[in-house]
Amino acid sequence: MKWSINAGSIFGIKLRIHLTFFLLLLFVFAQVSSEYGVRAGVMSVLFICAVFACVVIHEVGHSLIARRFGKEAKSITLLPIGGVAAIDQMPVKSGQEIAVSLIGPLINLVIAGFLYILFGAKTGVSLPNLYPQSAQAFLAGLIGVNIMLAVFNLIPAFPMDGGRVLRGLLALKMDYVQATIWAANIGQAIAVFFIFFGMFFNFWLALIGIFLYLGAGSEKQQVILQSLLAEVPASEAMTTQYSTLKPDNSLVEALERFGRGCQQDFPVIDDSGLQGILTRDRILAAIHTKGLNVPVCEVMDKTFAIVSSRMGLDQVYRIFLSGNKTAVAVMDEGQLKGIIGLDGISRYFMVKAALKGVDAAGLVAQMKNKMIAN
Ligand SMILES: [Zn+2]
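Residues numbered from 1 in each chain as written. Predicted model: local features only at pLDDT ≥ 70, side-chain atom pairs only at ≥ 80, totals over all residues. Heavy atoms only, no water.

1. Focus on the coordination of the zinc ion
So the rule is basically this: Water is not among the atoms examined, so metal sites may look incomplete; donors are the N, O and S atoms within 2.8 Å of the metal, or within 3.2 Å for Na, K and Ca. Note on geometry labels: four donors, all angles 85 to 135 degrees, give tetrahedral; four donors become square planar and six octahedral when opposite donors are over 155 degrees apart and every other angle is between 65 and 115; remaining cases are irregular. For every residue, the accessible area obtained with a 1.4 Å probe (protein chains only) is divided by the maximum for its type, and the residue is called buried under 20%, exposed over 50%, and partly exposed between those limits.
Coordination of the zinc ion by the protein is provided by His 58 (NE2), His 62 (NE2), Asp 161 (OD) and Asp 161 (OD), with metal-donor distances spanning 2.0 to 2.5 Å. Around the zinc ion, the four donor atoms sit at angles spanning 56 to 152°, and that spread fits a shape best called irregular. On the basis of relative accessibility, which here comes to 6%, the residue His 62 falls in the buried class.

Take a look at the structure:
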């Protein structure tokens, strides 16, 4: 995610903090300390940090369970409105998705229970107060926050945890794509309610509503997109007529061919076979940084991905998303069969979507945005 900084890692999962999170701390500190003094401001900041530590444990829970099911958990990003765990593909199996989603709220309940057993007799439980005036109030508020986090996250507003549980349950009865559409529509309806209610009573709720609304729409489109792509083998979207470059060709030659033809990505081949892929983005970026006289081998992508012509396009798309690639080589038994670029997929997809009567333009725009965001 842009505008976030590294803050170490937990169980091999990168922890990132969005810069707006620091703005939140600064804002609260300024507000509380101007009213009650610096000590109170520090207490408030500590309280927010304690709440977000609980949010991190919640997200780590999601990530570790997802990892048990073989899904890669890459990072956790802290935002002012909560935490986001980037899990490479949520589990498609219902039981797994339900387990991954339920663990987060469950962890908050466990934290609340644990704190209550240790300190509850003295502190009790209270609604969180942004300015806790004593250690007791601090702990009572922290217990309260964890109960609220558990309850709030279980609201079936996809893509919140409760909404994912709902999709998991629906998917027991119907097709995964249908279940997602249902869950996302219900999520968007609840999000509209959050926005409306929040505008009058609680600014954060309105903000969360906006994020939920957009998140549900985006996940719905992603799932439709992937289901359409899954039906198509890589061979259907690959370019089979292409010109190739040699590793010692200069960038000028690549640029000339790029400018003349309609080819975006070039396989770079020598006597021992495919050595790399020179993509449009690499050509254009290198002109500025390296000049025109460097050999192609200094610019090409040497860690290119190879797929078989029978692989589903959804998996190719996943390689684009997770590997930061814009082109892959299609090879069968060591023989180069073609190249698939981002444009190849979107072109093929537009045809496919049009045939199915789905809004293709919106989905393709979304596909490209998603890739740029990554
Ligand atoms: Zn969660």
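2. Brief notes about the sheet that holds strand S3 (residues 73-79)
The cut-off we apply is this: In this analysis, strands are considered paired if DSSP registers two or more bridges between them. A run of H or I in DSSP counts as a helix once it spans at least four residues, and a run of E counts as a strand once it spans at least two, with each numbered from the N terminus. A fitted line through C-alpha atoms represents every axis, and for helices the fit uses only the stretch in contact; the resulting angles, taken between N-to-C directions, go from 0 to 180 degrees.
Spatial strand order, S1-S2-S3-S4: four strands in an open sheet with mixed pairing. With one partner strand each, in any of the chains shown, strand S1 (4-10) and strand S4 (82-87) form the two edges of the open sheet. Mean inter-strand twist for the sheet, computed between neighbouring axes without regard to direction, equals 25°. Two strands pair when backbone bridges link them, and S3 and S4 are joined in this way by six bridges, in the antiparallel orientation. The residue bridging Ala 73 from the neighbouring strand is Ile 87, located in S4.

3. A few points about the pattern of salt bridges
Pairing is possible between side chains that carry opposite charge, provided their charged atoms lie close to one another. Rules: Put simply, a salt bridge is a Lys or Arg side-chain nitrogen that is within 4 Å of an Asp or Glu carboxyl oxygen.
One pass over the full model with this rule turns up six salt bridges. Note that Arg 164 is salt-bridged to Glu 97, the shortest N-O span being 3.8 Å. Here Glu 97 lies in helix H3 (residues 94-123) and Arg 164 lies in helix H5 (residues 161-173), a separation of 67 residues in the sequence. An identical accessibility class is assigned to Arg 164 and Glu 97; each is buried. The shortest N-O distance in the salt bridge between Asp 281 and Arg 280 comes to 3.5 Å. For Asp 281, a relative accessible area of 40% gives the class partly exposed. Through salt bridges that share partners, Glu 97, Arg 164, Arg 167 and Glu 219 make up one connected network.

4. Some points on the nonpolar core
Worth spelling out the cut-off: To qualify as a nonpolar core, a set must consist of buried Ala, Val, Leu, Ile, Met, Phe, Trp, Tyr and Cys residues joined through side-chain atoms within 4.5 Å.
Leu 229, Leu 313, Val 316, Val 328, Ile 340 and Ile 345 are the most contacted members of the largest nonpolar core, which has 32 residues in total. Among the elements of the structure, H5, helix H6 (176-201), helix H7 (203-230), helix H10 (313-323), strand S8 (327-332) and helix H11 (342-356) are those that each provide at least two residues to this core. With six residues, the top contributor of residues to this core is H7. One finds Leu 24, Ile 48, Ala 73 and Tyr 131 within the second-largest nonpolar core, a separate group that totals 19 residues.

5. Brief notes about the pairing of S3
Burial of S3 is extensive: six of the seven residues sit out of reach of the surface. As paired strands, strand S2 (residues 13-18) and S3 are joined by four bridges and run parallel to one another. Within the sheet, the bridge partner assigned to Leu 15 lies in S3 and is Ile 76. Joining the antiparallel neighbours S3 and S4 is a turn of two residues.

6. A short note on the packing of aromatic side chains
Spelled out, the test is: Centres within 6.5 Å make a pair out of two Phe, Tyr or Trp rings, where for Trp the six-membered ring is used; the pair is then stacked when the planes are under 30 degrees apart, edge-to-face when over 60, and tilted otherwise.
The tally for this structure, following the rule as stated, stands at nine aromatic pairs. For the ring pair Phe 193 and Phe 197, a centre distance of 5.7 Å and an interplane angle of 20° mean the geometry is stacked. One end of the pair is Phe 193 and the other is Phe 197, both in helix H6 and four residues apart, which spans about a single turn. Pairing Phe 196 with Phe 200 gives two aromatic rings, centres 5.6 Å apart and planes at 75°, and the pair type is edge-to-face. One end of the pair is Phe 196 and the other is Phe 200, both in helix H6 and four residues apart, which spans about a single turn. Residue classification places Phe 196 among the exposed positions, given a relative accessible area of 54%. By the ring-pair criterion, three or more aromatic residues cluster together here, those being Phe 21, Phe 22 and Phe 52.

7. Examining the packing of H6 against H7
Selection criterion: Angle categories: roughly parallel below 35 degrees, roughly antiparallel above 145, roughly perpendicular from 65 to 115, and oblique for all the rest. By the definition used in this description, the sense in which the near helix is turned from the far one sets the handedness, with an anticlockwise turn below a right angle giving left-handed and a clockwise turn giving right-handed.
Orientation of H6 relative to H7, taken along the N-to-C sense of each, is 165°, at an axis distance of 7 Å. Taken as axis vectors, H6 and H7 run roughly antiparallel relative to one another. Handedness of the H6/H7 crossing: left-handed.

8. Considering the packing of helix H1 (residues 19-36) against helix H2 (residues 38-68)
Short version of the rule: Note on definitions: a residue-residue contact is assigned when non-hydrogen atoms from the two residues lie within 4.5 Å. Under the scheme applied here, ten amino acids are nonpolar (Ala, Val, Leu, Ile, Met, Phe, Trp, Tyr, Cys and Pro), four are charged (Asp, Glu, Lys and Arg), and all others, including Gly, are polar.
Running from N to C, H1 and H2 cross one another at 145°; their axes reach a closest spacing of 7 Å. The two elements H1 and H2 meet at a crossing, and its hand is right-handed. In this structure, H1 uses Phe 21, Leu 24, Leu 25, Val 28, Phe 29, Val 32, Ser 33 and Tyr 36 to contact H2, whose residues at the interface are Val 38, Ala 40, Gly 41, Val 42, Ser 44, Val 45, Ile 48, Cys 49 and Phe 52. For the contact of H1 with H2, the residue count by class is 14 nonpolar, three polar and no charged.

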